[in-house]
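# Structural characterization, general
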Amino acid sequence: MDDLDRLYRRLVQNIRNGFPDYVARPFEVAEVYQSIVPYRHNRRELGIETNQDYELALCRLISGERAYVTGDEHMQESVRRELASPNPNTAVFRDFAATRVALAPEALRRVSTESGSEAESVAMNAGPARARVADGAVAAASAGGGVRDVQPLPPSPPPPRPPTPPLPASLRAAVRGGTPGAQPAAPTPAAGVRAAPAGVRGGECRFCNGALPDDRRVLYCPHCGQNLAVRHCPACGSEVDASWRFCITCGREVGAE
């Protein structure tokens, strides 16, 4: 298993856990490195040492290598041509940030089958191991003068569930019994503290394309819960303040809103 395999498996895992609708519908290339599998948040799980190696694996993924994803033929041909050059530009995927790709159904079925086989193998191997431990306990007790209160091994605990993301403020107010449609009063910023971003009004969510209310300003999408007031650097994907002109991580000019 190499960097491409690990990136694809992490992509599938994060989509199933946080973006389940993307299992069956396309998503933008930018979403892969900004929100689904950003390198800075998945470096340990990916086992990829450098950002350049991550970019190279991402280019291989969107180029269609090993048929993990499907996408625009022009994009895939352009990326394959760049990867074949003597000194490839590993950031070429940013030229296709708005291009949509999708998980290939055949590769997805293959990964699901392999995961199921691995889980079955672990379960089959765990049974004999636990039996050997129990048999050893019985034998030790017998050697000491008889079996005395040999307790069975406790069942293995289930894997921890991922944390539930917090509800947006508007939904928390509705759960507590607030007036439907009422907007909470905006707090007055303290001296020297810049007020929070004003959010967006109307249009569509840039993450899930859901319709946004026209009669109020929205900070969080009511459909997917994503923060609509946060901007991202188009070069490295870092969060940037709405008033900043340059990214504090890579220095790329982003322009102030």
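Structural data are supplied above this passage.
First, a word on scope: everything that follows refers to the structure included in this document.

## Some remarks on the side chain of Ser 63
- Mapped onto the elements, Ser 63 comes out in the loop between helix 4 (51-62) and strand 2 (69-71).
- Not counting the four nearest positions on each side in its chain, Ser 63 is found in contact with Gln 76, Val 79, Arg 80 and Leu 83.

## Re the nonpolar core
- With 37 residues, the main nonpolar core has Tyr 8, Leu 58, Leu 61 and Leu 103 as its most contacted residues.
- Of all the secondary-structure elements, those providing two or more residues to this core are helix 1 (3-18), helix 2 (29-36), helix 3 (39-46), helix 4, helix 5 (73-83), strand 3 (100-103) and helix 6 (105-143).
- Not counting residues up to four positions away in its chain, the partners in contact with Tyr 8 are Leu 61, Tyr 68, Leu 103, Ala 104, Ala 107, Leu 108 and Val 111.

## Some details on the environment of Phe 27
- With respect to the helices and strands, the residue Phe 27 is situated in strand 1 (residues 27-28).
- Each C-alpha atom of the pair Phe 27 and Arg 100 lies 5.1 Å from the other, and the pair is 73 residues apart in sequence.
- Apart from the residues lying within four places of it in its own chain, the contact partners of Phe 27 are Ile 15, Tyr 22, Val 32, Ile 36, Thr 99, Arg 100, Val 101, Ala 102 and Leu 103.

## Comments concerning the packing of helix 4 against helix 5
- Contact geometry of helix 4 with helix 5 gives a least axis separation of 8 Å together with a crossing angle of 135°. Here helix 4 is positioned oblique relative to helix 5, judged by the angle of their axes. Judged by the twist between their axes, the crossing of helix 4 over helix 5 is left-handed. Taken together, the residues of helix 5 that come into contact with helix 4 (itself represented by Leu 56, Cys 59, Arg 60 and Ile 62) are Met 75, Gln 76, Val 79 and Leu 83.
- Its residues placed into classes, the contact of helix 4 with helix 5 shows six nonpolar, one polar and one charged.

## Topic: helix 2
- Burial of helix 2 is extensive: six of the eight residues sit out of reach of the surface.
- If you check which residues of helix 2 are buried, you get Val 29, Ala 30, Glu 31, Val 32, Tyr 33 and Ile 36.
- Along its buried surface, helix 2 packs onto helix 1, strand 1, helix 3, helix 4, helix 5 and strand 3.

## Observations concerning the side chain of Asn 14
- Mapped onto the elements of the fold, Asn 14 is located in helix 1.
- By relative accessible area, Asn 14 is classed as buried at 13%.
- If we skip the residues at most four places from it in the chain, Asn 14 touches Phe 19, Ile 36, Val 37 and Asn 42.

## A few points about the pairing of strand 3
- Summarising the sheet, strand 1 and strand 3 pair through two bridges and their orientation is antiparallel. Residue pairing in the sheet places Glu 28 in a bridge with Arg 100 of strand 3.
- As defined by bridge partners, strand 2 adjoins strand 3 across three bridges and the pair is classed as antiparallel. The residue bridging Val 69 from the neighbouring strand is Leu 103, located in strand 3.

## Observations concerning the environment of Ala 57
- As for its position among the elements, Ala 57 is in helix 4.
- Linking Ala 57 and Leu 7, residues 50 residues apart in sequence, is a C-alpha distance of 7.0 Å.
- Residues within four places of Ala 57 in sequence aside, it is in contact with Asp 3, Leu 4, Leu 7 and Ile 48.

## A look at the sheet that holds strand 1
- Read from one edge to the other, the open sheet built from three strands follows the order 1-3-2, with strand pairing classed as antiparallel. Here the strands that pair on one side only, and so sit at the sheet edges, are strand 1 and strand 2.

## Some thoughts on unusual backbone geometry
- Its identity as a non-glycine residue notwithstanding, Arg 66 has a phi of 60°, on the positive side.
- Along the polypeptide, Arg 66 turns up in the loop between helix 4 and strand 2.
- Judged by its relative accessible area of 36%, Arg 66 falls in the partly exposed class.
- The backbone phi angle of Ala 67 is positive, close to 55°, even though this residue is not glycine.
- Tracing the chain through its elements places Ala 67 in the loop between helix 4 and strand 2.
- In this structure Ala 67 comes out as partly exposed when scored by relative accessible area, which is 47%.

Quick notes on the rules
Residues numbered from 1 in each chain as written. Predicted model: local features only at pLDDT ≥ 70, side-chain atom pairs only at ≥ 80, totals over all residues. Heavy atoms only, no water. Helix = DSSP H or I, 4+ residues; strand = E, 2+ residues; numbered from the N terminus. Contact = heavy atoms within 4.5 Å. Core = buried A, V, L, I, M, F, W, Y, C linked by side-chain atoms within 4.5 Å. Buried < 20%, exposed > 50% of the residue type's maximum accessible area, 1.4 Å probe, protein only. Axes fitted to C-alpha atoms, helices over the stretch in contact; angles between N-to-C directions. Parallel < 35°, antiparallel > 145°, perpendicular 65-115°, else oblique. Left-handed = near helix turned anticlockwise from the far one by under 90°. Nonpolar A, V, L, I, M, F, W, Y, C, P; charged D, E, K, R; others polar. Pairing = 2+ DSSP bridges.

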